[in-house]
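# Observations on chain architecture
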Amino acid sequence: MDDKKENRTVIEAEVPMGTVHPAALEPYRLRLFVEDEIVRDAEMTVGVNHRGVERIMEGLPVEKANSLTEKICGICSNSHIWNSCRTAEIALGIEVPERAKYIRIIMEELERLHSHLLYLAHGSEVLGHETFSMRLFYIRETVMDLLGTIGGNRVQYGSAVLGGVRPRCELDDNRIKQITDGMDLLEEKTTAFADRFVSDPMVISRITGVGVISQKDAIRLACTGPTLRATGVAQDLRREMPEYDPFEFDVITQDDGDVKSQLLMRVLEIPEAIKIIRQAVRDLPDGPITNRSWEMQDTPITKSYIEVPRGTLYHSYALEDGRVRNCVIRTPSMANIGAMQHACIGHHITDAQLSVVQCDPCFTCTDRAIEIIKL
Amino acid sequence: MSLKSYSRGRAVHVMLVYTGGCNGCDIEIVNCILSPKFDAEQYKVFLTWNPREADVLVVTGPVTKQNEQPLREIYKAIPEPKAVVAAGACALMGGVYKNCHGDIPSEEIAGPVDQIIPVDAKVPGCAVRPQDLVAGLVSALPLLLNAE
């Protein structure tokens with residue numbers, strides 16, 4: 001390293017935030033190095049809420065481990081249980097009935113709706129616009145009611161089991177009507193909100209040009225999901241997944257990579273999710289919802305990727321005597337941490353919190369990394 | 001009713017502290033106070049993130065080892081009289097994280113909450129329902145209102 005005095009950068013002050021901080025909902029540590037109120041460098045540390053879920057999963061029977069993955073995250077619980085089941089289904093070659101596939105898609109897209117609405121509500125709160133925040137929480141209740149009706153719980157509603165979906169999540173005519181009505185109501189409410197949102201000059205001027213991540217940086221930092229798509233890269237794993245083949249939807253992209261693009265990205269993804277749910281409900285095939293004719297066998301490490309509300313989720317494990325071995329889970333927020341740090345740099349210190357929130361962080365998912373020591 | 005308890009009853013500040021759960025309870029609690037559907041704010045219950053102005057501490061999550069000391073300090077920073085509500089299965093008995101295998105307690109978890117700070121009300125559920133949380137908050141209120 002160059003130690004000459006004139007080449008050293010002198011950082012004027014450090015502003016540490018966290019791990020418990022009034023502005024942050026989740027515990028994380030953000031160190032901002034500021035120079036005249038402009039952030040010159042940022043460092044984010046997670047790990048406070050490390051619970052060792054992968055360690056607990058080690059050696060559990062696969063059915064039990066699947067239901068444990070649901071408890072990793074309270075926002076995207078269905079994604080985790082779906083992907084964990086999908087990993088075992090790929091490994092054991094289990095054929096999932098068509099109807100079960102459709103119900104899983106419906107649950108996943110409902111989850112995307114509630115996650116995006118929560119993101120917008122949290123973002124509005126950080127912006128200081130509590131009215132938007134409350135209104136969005138109210139719109140979100142439509143989705144939460146549907147999830148509560150289908151899954152039986154408002155938060156941990158995971159529908160997938162090995163080989164299909166739970167009998168509780170079977171959709172009868174009454175529930176299909178509820179979903180259809182709910183989607184109509186939701187579309188009306190979100191359209192009204194979106195009109196109000198984009199025509200508010202105060203909000204738009206607050207979020208334009210703040211927390212910019214350029215396309216080049218987004219690719220360099222290996223961003224994923226809507227955070228990447230808001231910089232203009234049309235990368236959506238749903239295009240590659242065979243489960244999404246029957247459905248028509250657009251991959252939304254935005255160009256600027258600032259907070260405005262990130263928020264609009266989620267606003268515009270809501271109608272796409274509604275579109276997928278409507279198609280799934282309309283074309284819902286008849287037949288069984290679980291396939292129970294499969295046999296357990298030992299398999300090598302199998303991996304599965306799916307697109308969840310925040311990006312690409314990765315699960316992998318091997319099976320040994322019906323038990324889970326060498327489980328690894330990588331969540332999308334892990335990939336987006338680089339972008340969160342990068343977005344703070346070069347902006348005013350008051351925008352730092354907004355720059356972090358724009359990447360839709362979920363640190364409960366993220367804190368699981370473990371080191372397995374071979375004895 | 002004294003003047004103190006009258007004024008305390010007019011502005012109950014709830015502080016939510018998050019000690020390593022899955023985010024489900026936290027969002028339901030924020031939802032319960034902020035969202036117009038449950039709307040605890042109409043009964044003059046406010047959400048705050050500052051321990052100095054809080055009256056009720058709502059703790060979620062099995063307390064992880066790294067969150068143990070911050071939780072004690074937050075509890076100390078809250079002025080008397082105060083009440084603590086433990087919300088969710090993790091905060092009550094460690095949930096799935098504390099002892100999933102039955103006989104090997106996890107090395108990461110220091111909780112449940114009542115081993116670290118005194119708990120006045122317990123709200124069960126995974127995740128807690130907003131209705132239950134309102135009931136838990138109401139049952140903790142006499143501690144604040146009847147205090148000298």
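Up top you'll find the structure we're talking about.
Residues numbered from 1 in each chain as written. Chains lettered and ligands numbered in written order. Predicted model: local features only at pLDDT ≥ 70, side-chain atom pairs only at ≥ 80, totals over all residues.

## Focus on the overall build of chain B
- Within chain B, the regular secondary structure consists of 6 helices and 5 strands.
- If you list the helices and strands of chain B from N to C, you get α-β-α-β-β-α-β-α-α-β-α.
- On C-alpha atoms alone, chain B measures out to a radius of gyration of 15 Å, which is about the 15 Å that the 2.2 N^0.38 rule sets for 148 residues.
- A principal-axis box enclosing the C-alpha atoms of chain B has dimensions of 50 × 30 × 20 Å.
- Buried positions account for 51% of the 148 residues belonging to chain B.
- In chain B, the share of contacts with a sequence separation of at least 24, taken over all contacts with a separation of at least 6, comes to 77%. (Helix = DSSP H or I, 4+ residues; strand = E, 2+ residues; numbered from the N terminus. Rg over C-alpha atoms; globule rule 2.2 N^0.38 Å. Buried ≥ 20, exposed ≤ 12 C-beta atoms within 10 Å, placed from the backbone. Contact = placed C-beta atoms within 7 Å.)

## Quick look at the overall build of chain A
- Summing up its helical and strand segments, chain A has 13 helices and 8 strands in all.
- Computed over the C-alpha atoms, the radius of gyration of chain A is 22 Å, within 12% of the 21 Å expected from 2.2 N^0.38 for a compact globule of 375 residues.
- The dimensions of chain A, computed from C-alpha atoms along their principal axes, are 70 × 60 × 35 Å.
- In chain A, buried positions account for 49% of the 375 residues.

## Comments concerning the sheet that holds strand 1 (residues 13–17) of chain A
Residues and elements named next belong to chain A.
- Strand order across the open sheet formed by 3 strands is 1-2-3, with antiparallel pairing between neighbours. Only two strands of the sheet have a single neighbouring strand rather than two, namely strand 1 and strand 3 (38–45). Each strand axis lies, on average, 20° off the axis of its neighbour in the sheet, ignoring direction.
- Examined bridge by bridge, strand 1 and strand 2 (residues 29–35) share 5 bridges and lie antiparallel to one another. Its bridge partner being in strand 2, Met17 is matched across the sheet by Leu30.
- Against the sheet, helix 11 (residues 332–344) makes contact with strand 2 and strand 3, and its axis sits at roughly 160° relative to strand 3, the strand it touches most. (Pairing = 2+ DSSP bridges. Axes fitted to C-alpha atoms, helices over the stretch in contact; angles between N-to-C directions.)

## Digging into the nonpolar core
- By size, the foremost hydrophobic cluster in this structure holds 149 residues, and its most contacted members are Val14, Val56, Val58, Val85 and Ala87 of chain B.
- Setting aside anything within four residues of it in sequence, one finds Val14 of chain B in contact with Ile33, Val45, Phe46, Leu47, Thr48, Ala54, Val56, Val58 and Leu137 of chain B. (Core = buried A, V, L, I, M, F, W, Y, C linked by C-beta atoms within 7 Å.)

## What about the environment of Ala352 of chain A?
All names here are of chain A.
- Looking at where Ala352 falls in the secondary structure, it is placed in helix 12 (residues 352–357).
- Considered as a pair, Ala352 and Val39 are 313 residues apart in the sequence and their alpha carbons are 8.0 Å apart.
- For Ala352, the residues in contact, after removing those within four places along its chain, are Leu32, Val39 and Cys344.

## Thoughts on unusual backbone geometry
Residue and element names in this part refer to chain B.
- With an omega of -10°, the peptide bond between Glu80 and Pro81 qualifies as cis.
- Mapped onto the elements, Pro81 comes out in the loop between helix 3 (68–77) and strand 4 (83–87).
- Not every positive phi belongs to a glycine, and Asn23 is a case in point at roughly 85°.
- With respect to the helices and strands, the residue Asn23 is situated in the loop between strand 1 (12–18) and helix 2 (24–34).
- In this structure Asn23 comes out as buried when scored by C-beta crowding, with 26 C-beta atoms within 10 Å.
- We note that Asp39 has phi near 50°; this positive angle belongs to a residue other than glycine.
- Within the secondary structure layout, Asp39 lies in the loop between helix 2 and strand 2 (45–48).

## A look at the interface of chain A and chain B
- The interface is formed by 29 residues belonging to chain A together with 31 residues belonging to chain B.
- Here the side of chain A that touches chain B takes 5 residues from helix 5 (residues 130–151) of chain A, the largest share from any one element.
- Taken together, the residues of the side of chain A that touches chain B sort by class into 16 nonpolar, 8 polar and 5 charged. (Nonpolar A, V, L, I, M, F, W, Y, C, P; charged D, E, K, R; others polar.)

## Focus on the sheet that holds strand 5 (residues 121–123) of chain B
Residue and element names in this part refer to chain B.
- Read from one edge to the other, the open sheet built from 5 strands follows the order 2-1-3-4-5, with strand pairing classed as parallel. Lying at the two open borders of the sheet, with one neighbouring strand each, are strand 2 and strand 5. Within this sheet the neighbouring strands show an average axis-to-axis angle of 25°, counted without direction.
- Pairing analysis gives 5 bridges linking strand 3 (residues 56–60) to strand 4, with the strands arranged parallel. Across the sheet, Val58 pairs through a bridge with Val85, a residue of strand 4.
- Contacting strand 1, strand 2, strand 3 and strand 4, helix 2 runs over the sheet at an angle of about 165° to strand 1.

## Things to note about the environment of Gln131 of chain B
- Mapped onto the secondary structure, Gln131 of chain B falls in helix 6 (residues 130–145).
- Separated by 93 residues in the primary sequence, Gln131 of chain B and Phe38 of chain B place their C-alpha atoms 7.7 Å from one another.

## Describing the packing of helix 3 (residues 77–92) of chain A against helix 4 (residues 98–127) of chain A
Residues and elements named next belong to chain A.
- Relative orientation of the contacting elements helix 3 and helix 4 amounts to 145°, with a least axis distance of 9 Å. When the axes of helix 3 and helix 4 are compared, the crossing they make is left-handed. Where helix 3 abuts helix 4, its residues Asn78, Ser79 and Trp82 lie against Arg104, Met107, Glu108 and Glu111.
- Across the contact of helix 3 with helix 4, the residue classes break down as 2 nonpolar, 2 polar and 3 charged. (Left-handed = near helix turned anticlockwise from the far one by under 90°.)

## Description of the pairing of strand 2 of chain A
All names here are of chain A.
- Pairing of strand 2 with strand 3 involves 7 bridges; the strand directions are antiparallel. Considered in strand 3, the bridge of Val34 is made with Val39.
- Hairpin connection, strand 2 to strand 3: the antiparallel pair is bridged by 2 residues, and Asp36 has positive phi, about 55°.

## Observations concerning the pairing of strand 7 (residues 311–320) of chain A
All names here are of chain A.
- Inspection of the sheet shows strand 6 (residues 299–308) paired to strand 7 by 8 bridges, in the antiparallel sense. Directly across from Thr299, in strand 7, lies its bridge partner Leu319.
- As consecutive antiparallel partners, strand 6 and strand 7 are separated by 2 residues.
- As paired strands, strand 7 and strand 8 (residues 323–330) are joined by 6 bridges and run antiparallel to one another. Of the residues in strand 8, the one forming a bridge with His315 is Ile329.
- Linkage of strand 7 to strand 8, two consecutive antiparallel strands, is achieved through a turn of 2 residues, within which Asp321 is found at a positive phi near 55°.

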